[in-house]
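For reference, the chains in residue letters:
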Amino acid sequence: MATLMPGNQSAAKPRRRWRFAFIAIYFTKVLDSLPKRIVKKSILEMTTGSYVSIQIQNADKDDNSCHDEPVLPFHNVDQRMLIDMVRDKDYERLHQFGGAKQLAMLLQTEEKHGISGDEADLIRRRNVFGSNEYTKPPRKGFLSFVLEASKDTTIIILLICAALSLGFGIKEEGPREGWYDGGSIIVAIVLIVAVSSISNFRQSGQFRKFSNESSDIRVQVVRQGRRQPVSIFGLVVGDIVFLNIGDQVPADGLFLEGHSLKVDESSMTGESDPVEINENDNPFLFSGTKVSDGFGTMLVTSVGMNTAWGEMMSSIRRDLDEQTPLQARLDKLASTIGKLGLAVAMMVLAVLFIRYFTGNIEDDSGKKEFNGSKTRIDDLMNSIVHLVSAAVTVLVIAIPEGLPMAVTLTLAYSMRRMMTDQALVRKLSACETMGSVTTICTDKTGTLTLNKMKVVEFWLENEVVKDETYRGIAPNVVELLKQGVGLNTTGSVCKQPSMSVPEISGSPTETAILTWAVVDLGMDIDEQKLSFEILHVEAFNSQKKRSGVLVNRVTDKTIHIHWKGAAEIILAMCSHYYNRSGMVEVMSDEKRVHFGGIIRGMAAKSLRCIAFAYKQTQQEKLGETGMILLGLVGLKDPCRPSVKRAVEACRDAGVNVKMITGDNIFTAKAIAIECGILKPDEDFNNAVVEGVTFRNYSHKERMDKIDVIRVMARSSPFDKLLMVQSLKKKGHVVAVTGDGTNDAPALKEADIGLSMGIQGTEVAKESSDIVILDDNFASVVTVLKWGRCVYNNLQKFIQFQLTINVAALGINFVAAIASGKVPLTAVQLLWVNLIQDTFAALALATEQPTNDLLTKPPVGRSKPLITNIMWRNLISQALFQISVLLILQYKGRSIFGINEKVNNTLIFNTFVLCQVFNEFNARNMDKKNKFFFKGLLKNRLFVGIIGITIALQVMMVELLKKFANTERLDWGQWGVCVGLAALSWPIDWLVKCLPVSAK
């Protein structure tokens, strides 16, 4: 009629608009008056859970425009009320809301479709209820790092000496000339403190950033009818969250629906027993708890600091700036060297005092500085200050303050680069420990394979069903298969009007089976769920390797059982099977063997075999016997293209790779051969073992065979843990990959726990040291390479720094005893200290890993930090530098015909340039120096630092004469300095020809 009377329709529009306006105004007043009534009469006195839901729709708009309705505020929902209700487990208050599902409506959440999730809606919810973020402890300011650096004892002593020198200098020579000595020391100290503080401040910021990234987990929510992953920080009140085994509950909330859901609330209550969550008895879920069994959905009611877990999380956030074992070893080394330096400094000071007070120290004019009672007090004090300053600077150069900075720089740099290489470091010590790994125990699915499952075979009775023959299957068998897939799953199928293909989500295995059922069998999952009432669910876990569901058909109230899981396990539960025509036949021994052969045949083709079983029952109990086999599906998960090269790289690096999988032994063998873990022509009797066999070995048998075993099939999490424990007892440094909740014990027990970023549960991630973001075994090898690089870079820096320490101590000690003067002044030594502590740390600690690192054996647990190779290199270079500098000290003036000040400048310049050339030597500790240019251009930071060092040294010598107490050098003298320093290269080449033990 409307199409035949357009005039009447247009005339009715004004009346509809007036009617709509009247209704809107009326109900706005009604809704506005409700909070006032509730204020007068407390909500606690409410006795009914009845509510009236009113929806006003514009008559001018069609049904498709319902999403454009104006959004009403959250009436009768008080934030404080929600917080207290869940925290106190207040059933009375929940009843007043009408239950969890009625509360969802008040929060404008649809049970099946979630919130609208548009930007305006998310902002509105955050404004009303807050965001899911925890208050962070305040970041340390830059001044606090300056204060920490200034608290160093040697810095304080130097500042005192500089102040005294400044005072005496100004008194003696006036403000214009007298400030140079003391002022130069102060400027040098300020420069060192500033560089150190800036570096530490930046690293602190990086560690804070990594801490935030490690806390950012992904959760599955439903918004606008679509199941999608969002950041935990993006969660809002009203969101519906999917929970599965191993998930962390991301916020406080209420149980909506699910089965067999149990959570570990030990983080909240201290009780280790799992707590069952259900709609009637205990629907309350707390942020920070872990799902230990089952699955379900929850309605988020409180987020962030409004949750019970929020305040605790804000106070115990992970701090990645902890001290690692290697840092502790380096601190001990620095302490030992510092004590040695202190002893040398005290000896130098004693010798200088003895020489001074016996009249054996002369000034620049050749007169004795101390003349007994004739010496003025000012001169005496000024000389003493100079002597103490010289001794303290010896101590400064002796203390390897750069070691902690080098560790910090190396770890921060490697963490940042590992992030780009798909590895998130959760524990700093893992960076260094990974370099010592001797054995990697890896999962198969998703790590060695692509984790892209697809059903490629379907067997019914004794024949494989092809695409074109699905129509020939009996309808009752097809219907039972649809039920077995649609009802017994944790995945979901979302049909969007705008999409021709439904969106399927869930684990890779669930997604593959659901896709097969939807595409090949024509399954409608919503139809299945409406036709049956789920009574009980047993969720899949890695121990039982199966999942089951007990359902009640709505139409005839008959009870049905469906099981699916590992084919041989389901086959053992079956006493009958369906044939192609839909008839049930008895499972004879011959037929059971036949089905076993089909399973082994699929496994030999690297297929994961899943079986479906069914039976009708009279009891409301999920039975496990007398089942009827429906069929077998084979899922293909191709190996990653890079995995074979990665396994070979591990073998070349002296690292054993062991595959631990839940698949049957035939699938495990096929995948291991495809990945290169096993060779096709080798004997598998000792190399491949099943979990049950491994755990039943005697302790002696296990320890004898542990090194030979390379594949463990049908393994449980306990078997993986037992493998790790046995390998550690044998002296191995073990890295383990894991993704499931039950992998947590093995991840914690291993020296390095590697969890999977995509398929890994939050329990697994929290138990691990490093998260592999792409679940790829090649990334594990990259982490191994970075671990060795960290250790190698620190050894390079230690060798370089100890060379400077030994050389500087040697030259100043010998010169002080022999002549009573030190050739390297306080400012000069502080400049060298800046070179070694900061610039060299930046240059050597940021070397990138090379493939050469994977051609060396693992470092091992007990290998000394300073190896024989390092001692050989640093002693040879230190002796060379001491010899050159002592020759210049005592023969330089006569050889070159120069005065003492120019000679001292030659000594200082040559010493600094020796360090520049030695930095190239340190890049490769065990190879001759033709290799130190290899890969040089890839490390632009190294090249830049070398250039900056040389430029600043030229400024120190040529422009800052009074500051550095130097004289300008001509081109010939610069050539002498460069030539003498360059001798370190051929000396390094000769020394590296000397064979030494690598230990």
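Since the structure is predicted, the reported quantities are computational estimates derived from the model, not experimental observations.

### A few points about the overall build of the protein
Link 1 in the chain: Assigned secondary structure in the protein consists of 35 helices and 26 strands.
Link 2 in the chain: With 999 residues in all, the protein has 53% of them scored as buried.
Link 3 in the chain: Long-range contacts, defined as pairs at least 24 residues apart, comprise 72% of the intrachain contacts of the protein with a sequence gap of at least 6.
Link 4 in the chain: Accessible surface, the protein: about 44,900 Å² in total, of which carbon and sulfur atoms supply 57%.

### Description of the sheet that holds strand β9 (residues 439-442)
Link 1 in the chain: Strand order in the open sheet made by the eight strands is β8-β26-β25-β24-β9-β21-β23-β22, with mixed pairing throughout. On the outer flanks of this sheet lie β8 (423-425) and β22 (688-690), each paired with one strand and no other. On average, adjacent strands in this sheet sit at an angle of 20° to one another, irrespective of strand direction.
Link 2 in the chain: Direction of pairing for β9 relative to strand β21 (residues 656-660): parallel, over a ladder of four bridges. Note that in β21 the partner of C441 across the bridge is K658.

### Observations concerning the pattern of salt bridges
Link 1 in the chain: By the definition in use, this model includes 26 salt bridges.
Link 2 in the chain: Its salt-bridge partner being E463, residue R580 comes within 4.0 Å of it at the nearest N-O pair. One end of the pair, R580, is in the loop between β17 (574-578) and β18 (584-586); the other, E463, is in strand β11 (residues 463-464), and 117 residues separate them in sequence.
Link 3 in the chain: On the basis of relative accessibility, which here comes to 34%, the residue E463 falls in the partly exposed class.
Link 4 in the chain: Via salt bridges that share partners, D121, R124 and R125 belong to a single interconnected network.

### Topic: the packing of aromatic side chains
Aromatic ring pairs are described here by two measures, namely the spacing of the ring centres and the angle between the planes.
Link 1 in the chain: As enumerated under the stated definition, the model contains 11 aromatic pairs in all.
Link 2 in the chain: Arranged with centres 5.2 Å apart and planes meeting at 80°, the rings of Y91 and F284 form a pair that is edge-to-face. Of this pair, Y91 sits in helix α3 (residues 91-97) while F284 is found in strand β6 (residues 284-285), placing the two residues 193 residues apart along the sequence.
Link 3 in the chain: A relative accessible area of 38% places Y91 in the partly exposed class.
Link 4 in the chain: Geometrically, the ring pair formed by Y356 and F357 is edge-to-face, given 5.1 Å between the ring centres and 80° between the ring planes.
Link 5 in the chain: According to the relative accessible area criterion, F357 is partly exposed, its value standing at 40%.

### Brief notes about a nonpolar patch on the surface
Link 1 in the chain: Together, F142, L143 and I198 make up an exposed nonpolar region whose accessible area comes to about 300 Å².
Link 2 in the chain: Tracing the sequence through the fold places I198 in helix α8 (residues 180-215).
Link 3 in the chain: Here I198 falls in the partly exposed class, since its relative accessible area comes to 42%.

### Considerations on helix α2 (residues 79-87)
Link 1 in the chain: Those residues of α2 that fall on the buried side of the exposure criterion are M81, L82, I83, M85 and V86.
Link 2 in the chain: Of the surrounding secondary structure, the elements contacted by the buried residues of α2 are α3, α4 (100-106), α5 (119-129), β4 (252-264), β6 and β7 (290-302).
Link 3 in the chain: Its side-chain oxygen placed 3.2 Å from the backbone nitrogen of R80, D78 serves as the N-cap of α2.
Link 4 in the chain: Backbone geometry just downstream of α2 places K89 in the positive-phi region, at approximately 50°.

### Digging into the confidence of the model for the protein
Low-confidence regions, as indicated by low pLDDT, have predicted coordinates that should not be scrutinised in detail.
Link 1 in the chain: Overall, the predicted model of the protein reaches an average pLDDT of 81, with 83% of residues at or above 70.
Link 2 in the chain: Contacts of residues 1-22 to residues separated by more than four positions or lying in other chains number eight contacts, the stretch itself having pLDDT below 50.
Link 3 in the chain: In this model, residues 315-321 is a region of pLDDT below 50 whose contacts with residues beyond four sequence positions or in other chains number 18 contacts.

### A word on the packing of helix α20 (residues 643-652) against helix α28 (residues 777-819)
Link 1 in the chain: Interhelical geometry of α20 versus α28 gives an angle of 30° and a closest axis separation of 8 Å. Taken together, the axis directions place α20 and α28 in an arrangement best described as roughly parallel. Judged by the sense of rotation from one axis to the other, the crossing of α20 with α28 is left-handed. In this structure, α20 contributes V643, A646, V647, A649 and C650 to the contact, and α28 contributes F777, A778, V781 and L784.
Link 2 in the chain: Of the residues that constitute the contact of α20 with α28, the class distribution is nine nonpolar, no polar and no charged.

### Let's talk about the environment of L191
Link 1 in the chain: Locating L191 in the fold gives a position in helix α8.
Link 2 in the chain: In the structure, L191 is positioned 643 residues away from L834 in sequence and 8.3 Å away in space, judged by C-alpha atoms.

### Re the nonpolar core
Link 1 in the chain: In this structure, M434, V437, I677 and F777 are the most contacted members of the largest nonpolar core, which totals 130 residues.
Link 2 in the chain: At 19 residues, the largest contribution of residues to this core is made by α28.
Link 3 in the chain: In this structure, L107, V263, V291 and A308 belong to the second largest nonpolar core, which totals 39 residues.

### Structural notes on unusual backbone geometry
Link 1 in the chain: You will see that S260, though not glycine, has its phi angle at about 55°, which is positive.
Link 2 in the chain: Tracing the chain through its elements places S260 in strand β4.
Link 3 in the chain: Take S260: its relative accessible area is 23%, and that puts it in the partly exposed class.
Link 4 in the chain: The phi dihedral of E461 is positive, around 60°, even though this residue is not glycine.
Link 5 in the chain: Positionally, E461 belongs in the loop between β10 (454-460) and β11.
Link 6 in the chain: Among the residues examined, E461 registers a relative accessible area of 17% and is labelled buried.

Definitions and limits used
- Residues numbered from 1 in each chain as written.
- Predicted model: local features only at pLDDT ≥ 70, side-chain atom pairs only at ≥ 80, totals over all residues.
- Heavy atoms only, no water.
- Helix = DSSP H or I, 4+ residues; strand = E, 2+ residues; numbered from the N terminus.
- Buried < 20%, exposed > 50% of the residue type's maximum accessible area, 1.4 Å probe, protein only.
- Contact = heavy atoms within 4.5 Å.
- Areas by Shrake-Rupley, 256 points an atom, 1.4 Å probe, with all protein chains shown as cover.
- Pairing = 2+ DSSP bridges.
- Axes fitted to C-alpha atoms, helices over the stretch in contact; angles between N-to-C directions.
- Salt bridge = Lys/Arg side-chain N within 4 Å of Asp/Glu carboxyl O.
- Phe/Tyr/Trp six-rings, centres within 6.5 Å; stacked < 30°, edge-to-face > 60°.
- Patch = residues over 30% accessible without salt bridge, like charges linked within 9 Å, V, L, I, M, F, W, Y side chains within 5 Å.
- Polar contact = N/O pair within 3.5 Å; in protein donor to acceptor, adjacent residues only side chain to side chain.
- pLDDT = per-residue confidence, 0-100.
- Parallel < 35°, antiparallel > 145°, perpendicular 65-115°, else oblique.
- Left-handed = near helix turned anticlockwise from the far one by under 90°.
- Nonpolar A, V, L, I, M, F, W, Y, C, P; charged D, E, K, R; others polar.
- Core = buried A, V, L, I, M, F, W, Y, C linked by side-chain atoms within 4.5 Å.

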